[in-house]
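The residues making up each chain are set out below.
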Amino acid sequence: MLLSPQKILIIDDSKANILMLGEALSDYKCVAATKGENGIRIAKGIKKPDLILLDVVMPGIDGYEVCRRLKADEETKNIPIIFLSAATDSNSLVKGFSSGGVDFITKPFNFEELRIRVSTQLRLKKSLDDNTRYLKSIEEIYSTITDSIFYAQRIQEASLPSNLHLKETLGEDFFIVYKPRDIVSGDFYITHRTEDKTIIVAADCTGHGVPGALMSMLGMVFFREAIRFDNLTTPSVILDRVRNAIINTLANNTENEVQDGMDASVVCINHSENTMEFAGANLPLYIIRNGELIEYKGDRIPVGPYPQIRPYTNHLINITNNDLIYQFSDGYADQFGGSFNKKLMAKRFKGILLEHHKLKMERQKYKLEEAFSKWRGLYDQIDDVLVMGYKFNAQP
């Protein structure tokens, strides 16, 4: 397919100059105007020129004014303009460049010089046009991808427990801090209530953004199958079952085995016995009781492929009325910030929880978000963040 020659607009009140320039530049498509106003109209036409050769001295508006008007117009501002002038003094050059011109060609014309200068500007213009089209294409692709990710965000949020469901399972005294690093998140949470038991899962999948979100959707499916359809209530057994499901799913092609998985904490509260079972995969559990923070550590084994596969540890914990229970991913404590751009760390995270634990749960959420934002400052959020807090209210 033959490409059309680049288009040059010659604006000069001398027809002789137009003819000479047209012959010298016969490899290009040349159009002409003998007045500045006509040249502006042609330049703003449907098929715009790639380059304008503009005489300085013309009746009516001179070349400098024509150039200023073209550069002030959004339609024509990117068309390079070369001035044609017999004047080579510095004042004329300054006036021409300040009005938007890119070069000067002096009269009488040296046609070899003319062709080189024109060719140089046309190559630059073509590169600029190619880059503009490339950037526009990237913007369109980015917009399409972003729209898809925002739609995925709505799907992911719809898959998480609704606020009504959370109130039915956790009661009124709870909060959830949920901050995806990107539009979608690798962190997720699940709650489930039976007649006398409440099961709560907080999980952190490998990665963030789209990869993390895909793993989180997979994780939600496996946890719900184990809890709702298999009727499992023991946290360690739930983690074992989900781990097996992930390994079997991700390792179905030995040539491209995926090593990703997730960290998780699983709690089962027995309301009739005032006890709680806990099992963790790389995530701990915090309980604040009488102003003291008690930590239960999880096993250092992810929910997924791992060299040493062994059962998760199940902790049986006696709980009392008004105990505050916290489950979370590592995103909060791992956030960089502060005066020296260091990690917030678990110790400081515990301090924030203890400092505000006497407040209502919703107020605690506000304080946690405020402390996180203050610590992060102008630094980027490095990971998805999930913190769940709820108060145990013993049954009468």
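The shown structure was predicted, so the numbers you read here are calculated from the model rather than taken from an experiment.

(A) Representation of the environment of Leu128 within the structure. Tracing the sequence through the fold places Leu128 in helix α5 (residues 111-159). According to the relative accessible area criterion, Leu128 is partly exposed, its value standing at 41%. Sequence separation between Leu128 and Asn78 is 50 residues; the distance between their C-alpha atoms is 9.0 Å.

(B) Quick look at the state of the cysteines. This structure, assessed with the given rule, holds zero disulfides. Cys30 provides the cysteine sulfur closest to Cys67, a residue in no disulfide bond, and the two sulfurs are 19 Å apart. On the basis of relative accessibility, which here comes to 0%, the residue Cys67 falls in the buried class.

(C) Geometry of the sheet that holds strand β1 (residues 7-11). On the basis of which strands lie adjacent, the open sheet formed by five strands has the order β2-β1-β3-β4-β5 and parallel pairing. With one partner strand each, in any of the chains shown, β2 (29-33) and β5 (103-106) form the two edges of the open sheet. Put simply, the sheet's adjacent strands are angled 20° from each other on average, direction ignored. Of the strand pairs in this sheet, strand β3 (residues 51-55) and strand β4 (residues 81-85) are connected by four bridges, and their pairing is parallel. Considered in β4, the bridge of Ile52 is made with Ile81. Each of β1, β3 and β4 is contacted by helix α3 (residues 63-72), which is oriented at about 175° to β4, the strand it contacts most.

(D) Spotlight on the environment of Lys343. Along the chain, Lys343 turns up in strand β16 (residues 342-343). Here Lys343 falls in the partly exposed class, since its relative accessible area comes to 34%. In this structure the C-alpha to C-alpha distance between Lys343 and Arg376, which are 33 residues apart in sequence, comes to 9.4 Å. Once you skip the residues sitting within four places of it in the chain, Lys343 turns out to touch Ala333, Asp334, Gln335, Phe336, Arg348 and Trp375.

(E) Layout of helix α7 (residues 209-229). For α7, spanning 21 residues, the distance from its first C-alpha to its last is 29 Å, which sits close to the expected 30 Å at 1.5 Å a residue. Every buried residue of α7 is accounted for by Gly209, Gly212, Ala213, Met215, Ser216, Gly219, Met220, Phe222, Phe223, Arg224, Ala226 and Ile227. Among the structural elements, α5, β7 (187-193), β8 (197-205), α8 (235-250) and β9 (262-270) are those in contact with the buried residues of α7. Asn231 sits one or two residues past α7 and shows a positive phi near 60°.

(F) Broad picture of the pairing of β7. With six of seven residues buried, β7 lies mostly within the body of the structure. In the sheet, β7 pairs with β8 via seven bridges, with the strands oriented antiparallel. Across the sheet, the residue bridging to Asp187 is Asp204, located in β8. Adjacent in sequence and paired antiparallel, β7 and β8 are bridged by three residues.

(G) Layout of the packing of helix α1 (residues 15-24) against α5. The geometry of α1 relative to α5 is characterised by a closest axis approach of 10 Å and an angle of 70° between their N-to-C directions. The orientation of α1 with respect to α5, classified from their angle, is roughly perpendicular. The handedness of the crossing between α1 and α5 is right-handed. In this structure, α1 uses Met20, Leu21 and Ala24 to contact α5, whose residues at the interface are Phe111, Leu114 and Arg115.

What counts, and at which threshold
- Residues numbered from 1 in each chain as written.
- Predicted model: local features only at pLDDT ≥ 70, side-chain atom pairs only at ≥ 80, totals over all residues.
- Heavy atoms only, no water.
- Helix = DSSP H or I, 4+ residues; strand = E, 2+ residues; numbered from the N terminus.
- Buried < 20%, exposed > 50% of the residue type's maximum accessible area, 1.4 Å probe, protein only.
- Disulfide = S-S within 2.5 Å.
- Pairing = 2+ DSSP bridges.
- Axes fitted to C-alpha atoms, helices over the stretch in contact; angles between N-to-C directions.
- Contact = heavy atoms within 4.5 Å.
- Expected span 1.5 Å × (residues − 1).
- Parallel < 35°, antiparallel > 145°, perpendicular 65-115°, else oblique.
- Left-handed = near helix turned anticlockwise from the far one by under 90°.

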